[in-house]
Protein chains: 2
Amino acid sequence: MKTNNSNHGLPDGGLVPIRTLSNLTGVNSVTLRAWERRYELIKPIRTPKGHRLYTMADVDLINQVVTLLGNGMSIGQIRQVLETDKARPEPVREPATAFSPWLNYQDRLLRAIVAFDDGELSEVYHEVLSLYPVDIVTHRLIMPLLRELGERWAQGSGSIAEEHFFSVFLRNKLGARFHHLSRNRQGPKLLAACLPGEQHEVGLLLFALAALDRDYQVLLLGPNTPLLELPPVVERVAVHAIVLSGSADIAATVVEQELLPLCRAVAMPVFIGGRITDRCLDAITAAGAVPLGDDLNLALRGIDAMLARC
Amino acid sequence: MKTNNSNHGLPDGGLVPIRTLSNLTGVNSVTLRAWERRYELIKPIRTPKGHRLYTMADVDLINQVVTLLGNGMSIGQIRQVLETDKARPEPVREPATAFSPWLNYQDRLLRAIVAFDDGELSEVYHEVLSLYPVDIVTHRLIMPLLRELGERWAQGSGSIAEEHFFSVFLRNKLGARFHHLSRNRQGPKLLAACLPGEQHEVGLLLFALAALDRDYQVLLLGPNTPLLELPPVVERVAVHAIVLSGSADIAATVVEQELLPLCRAVAMPVFIGGRITDRCLDAITAAGAVPLGDDLNLALRGIDAMLARC
DNA sequence: GCAATTTGTATATTTTTTGTATAATTAAAC
DNA sequence: GTTTAATTATACAAAAAATATACAAATTGC
């Protein structure tokens, strides 16, 4: 059996130079060499003349390192994982400020999450969706809840495990819904993917569902997609626009370096959604892409307008 | 139009001069000669006076090279890839199962993936799962297909985007199946998560489904879970064992540093599955965890035995 | 607060890679 | 014969990558 567990892994001999590793991970090649020199994170094969050659497993590894960095771990600690300095402030309850059915649902969901109760989670989810359309639920319940969870986590009163638990649940539910709704579709097709380094897919799925609701087709490529991979895709499949999603903590350098080549390579609008639009507005517009902001309905309306113009 | 069929069109066995190869591949003829001289990429037949004559196989070869270049490989390395590729043409061809339905399914799935055809993907998937149990499908179809996708990438005929597309599809389908099967469950409860840094969730989902099939409950925490997050979870929810999945190199370091504290903090068996078990067997057992290996059925049997003993 | 460390990046310099250009010669085409 | 195309061989320039040093911002220790 092949010693290759990574899905896109490359068997022996398929080696890439440092520029490709840099492109696929968004990490500066100088930094990659520094990591190797300082922490021996990776020891790539060398050509007879000393040039480094990396496997796709190395690509995975660096992406994981990037993720761990994003999780707050410092690069030096990733090698010798000595954490334990996790300051754990005591829980602080956030006071409720207003009353609405959504607050009640949000409270039930929150309790289910804290209890890691998959059954209750499903029950509330299906109850809500049998009463309200998905975009309303998204806007009034899911988004606020994700924000709430984020704040809980930031304040140290929630755990990463809770966020994981709910993310997996939500992603699976939304993913199932997406594939169910995707069948036998007409309408203009959007290619949807997360920016390189972005692992959180829920925002993209919510967008995809909203787009399906507006009679688009959606080709979903998921998290952490190298932008260089997209031009071959749009050559093979007829899509009308590309929509990329990224949260705030995506490396801005990725946007600056990869977005412009992408926009030049494809003859269609490239939209950027998510919180990253707040931080890299200039770079996005400079590259010729269209920022969408964080509001799904506004974003869809923007896409409608742009595609109608073309 | 090629009016001259005797000398220039496709005469002796379809041999073409270098300008035709250049036209068909888009590679400058000077460059083609340089590749031949520097890397011995191709050795064309020569006319008595030394002019190069290429076969259509050479055209395919150069196109393959161009694709590999597009995938980020450097020209100096491609030669070695082609050599190893040539040295091992097609050693294993699924012995004696020429009419196995799995090859047919795999072919249909592969075509759907290459075409980014979500609908066809769903159709084949549901057709297969209506005929065979999920563990058989996993073993005979999904796993070989993932390997095949890896091979395609190495040969320059596939892309990371294809792998993303299929991963997202598969993960959503398996996730939906998981939540569907999770409802109203009895039986001992397992906490399942990916090791820190591990982003590939398909293996964990396959395990979770296999566990449900054996009347376990599964609490699924998903990819990239910090091990220090787990003790608070098992204090809050009654679980009988923890199952962690990992494949990547980074997990090797993490295992050594984080696994021991986890095993000490929780009073229950901690299992480790996936390819990480091959690489870190000593560290895993030293920390007091139980390695499970890469085979789902064997892993489940091991968990059965261990839990029966407790 | 201040010094020490960490860490990503910048810079300088050299070497390697790689596509293309050029020149001189020969072969093929018309 | 003239023109076009292909050959070999050398050369060149831009890009990429190597090593080594330096630096600024941030974090940490005391």
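Predicted model, so just to flag it, every value in this text is computed and none were measured.

Draft legend 1. Local environment of the packing of helix α5 (residues 101–114) of chain B against helix α8 (residues 160–181) of chain B. Residue and element names in this part refer to chain B. Running from N to C, α5 and α8 point in directions that differ by 115°, and their axes come no closer than 9 Å. In terms of orientation, α5 and α8 fall into the roughly perpendicular class. The two elements α5 and α8 cross, and the hand of that crossing is right-handed. Residues Ala-112, Ile-113 and Val-114 of α5 pack against Glu-162, Phe-165 and Phe-166 of α8. Taken together, the residues of the contact of α5 with α8 sort by class into five nonpolar, no polar and one charged.

Draft legend 2. Fine view of the protein's contact with DNA strand C. Near DNA strand C, the surroundings consist of 25 residues, among which Thr-31, Trp-35 and Arg-38 of chain A together with Thr-31 and Trp-35 of chain B are the closest. The contact atoms of DNA strand C, taken as those within 4 Å of the protein, divide so that sugar and phosphate hold 68%. Taking Thr-31 of chain A, its side chain carries an N or O atom lying 2.5 Å from a phosphate oxygen of DNA strand C. At 2.6 Å, a side-chain N or O of Trp-35 of chain A approaches a phosphate oxygen of DNA strand C. Looking at the surface near DNA strand C residue by residue, the class counts come to ten nonpolar, eleven polar and four charged.

Draft legend 3. Structural view of the pattern of salt bridges. All chains considered together, the criterion is met by 21 salt bridges over all chains. In this structure, Glu-162 of chain A engages Arg-236 of chain B in a salt bridge whose closest nitrogen and oxygen atoms are separated by 3.0 Å. Taken together, the positions of Glu-162 of chain A in helix α8 (residues 160–181) and Arg-236 of chain B in helix α10 (residues 230–236) put the pair across two chains. Here Glu-162 of chain A falls in the buried class, since its relative accessible area comes to 2%. The class for Arg-236 of chain B is partly exposed, based on a relative accessible area of 37%. Linked through salt bridges whose partners overlap, the residues forming this network are Glu-36, Arg-46 and Arg-52 of chain A.

Draft legend 4. The interface of chain A and chain B, seen in detail. On the side of chain B, 68 residues touch chain A, which itself brings 73 residues to the contact. Note on chain A versus chain B: buried area summed over both sides is about 6,000 Å², and carbon and sulfur give 59% of it. The interface formed by chain A and chain B contains four salt bridges. For the pair chain A and chain B, the number of links is 18 residue pairs in polar contact (both at pLDDT 80 or more). Within the residue set of the side of chain A that touches chain B, elements represented by two or more residues are α1 (18–25), α3 (56–70), α4 (75–79), α8, β4 (217–222) and α10 (230–236) of chain A. Top element by residues in the side of chain A that touches chain B is α8 of chain A. It accounts for 14 residues. Residue classes in the side of chain A that touches chain B are distributed as 32 nonpolar, 25 polar and 16 charged.

Draft legend 5. Structural view of the sheet that holds strand β5 (residues 241–245) of chain B. Residue and element names in this part refer to chain B. If you trace the five strands from one edge of the open sheet to the other, you get β4-β3-β5-β6-β7, paired in parallel fashion. The open sheet has two free edges, formed respectively by β4 (217–222) and β7 (290–293), since each of these has just one partner strand. If you compare each strand with its neighbour and ignore which way they point, the axes differ by 25° on average. Of the pairings in the sheet, the one linking β5 to strand β6 (residues 270–273) comprises four bridges and is parallel in character.

Draft legend 6. The environment of Ala-161 of chain A, seen in detail. All names here are of chain A. Relative to the elements of secondary structure, Ala-161 occurs in helix α8. Classification of Ala-161 as buried rests on a relative accessible area of 0%. When the C-alpha atoms of Ala-161 and Val-114 are compared, they prove to be 9.3 Å apart, with 47 residues separating the residues in sequence.

Draft legend 7. Expanded view of the sheet that holds strand β7 (residues 290–293) of chain A. All names here are of chain A. Strand order in this open sheet of five strands is β4-β3-β5-β6-β7, and the pairing throughout is parallel. At either end of the open sheet lies a strand with only one pairing partner, and these are β4 and β7. Between one strand axis and the next, the sheet turns by 25° as a mean value, whatever way the strands run. Contacts from helix α14 (residues 296–309) reach β3 (189–194), β5 (241–245), β6 (270–273) and β7 within the one sheet, and its direction differs from that of β7 by about 150°.

Draft legend 8. Spotlight on the packing of aromatic side chains. Under the counting rule described, the total for this entry stands at ten aromatic pairs over all chains. Ring centres of Trp-102 of chain A and Tyr-105 of chain A lie 6.1 Å apart, and the angle between their planes is 55°; this geometry places the pair in the tilted category. Pair noted here: Trp-102 of chain A and Tyr-105 of chain A are both in helix α5 (residues 101–114), with a separation of three residues, about one helical turn. Per residue, the accessibility class of Trp-102 of chain A equals that of Tyr-105 of chain A, and both read buried. Both rings, one in Phe-166 of chain B and one in Phe-169 of chain B, keep their centres 6.5 Å apart while their planes meet at 20°; by these two values the pair is stacked. Separated by three residues within a single helix, Phe-166 of chain B and Phe-169 of chain B lie in helix α8, roughly one turn from each other. Among the residues examined, Phe-169 of chain B registers a relative accessible area of 1% and is labelled buried. The structure contains a cluster of three or more aromatic residues connected by ring pairs, namely Trp-102, Tyr-105 and Tyr-132 of chain A.

Calculation criteria
Residues numbered from 1 in each chain as written. Chains lettered and ligands numbered in written order. Predicted model: local features only at pLDDT ≥ 70, side-chain atom pairs only at ≥ 80, totals over all residues. Heavy atoms only, no water. Axes fitted to C-alpha atoms, helices over the stretch in contact; angles between N-to-C directions. Helix = DSSP H or I, 4+ residues; strand = E, 2+ residues; numbered from the N terminus. Parallel < 35°, antiparallel > 145°, perpendicular 65-115°, else oblique. Left-handed = near helix turned anticlockwise from the far one by under 90°. Contact = heavy atoms within 4.5 Å. Nonpolar A, V, L, I, M, F, W, Y, C, P; charged D, E, K, R; others polar. Near = heavy atom within 4 Å. Polar contact = N/O pair within 3.5 Å; in protein donor to acceptor, adjacent residues only side chain to side chain. Salt bridge = Lys/Arg side-chain N within 4 Å of Asp/Glu carboxyl O. Buried < 20%, exposed > 50% of the residue type's maximum accessible area, 1.4 Å probe, protein only. Buried area = accessible area lost by both parts, 1.4 Å probe. Pairing = 2+ DSSP bridges. Phe/Tyr/Trp six-rings, centres within 6.5 Å; stacked < 30°, edge-to-face > 60°.

That's the geometry; what it means functionally is another story.
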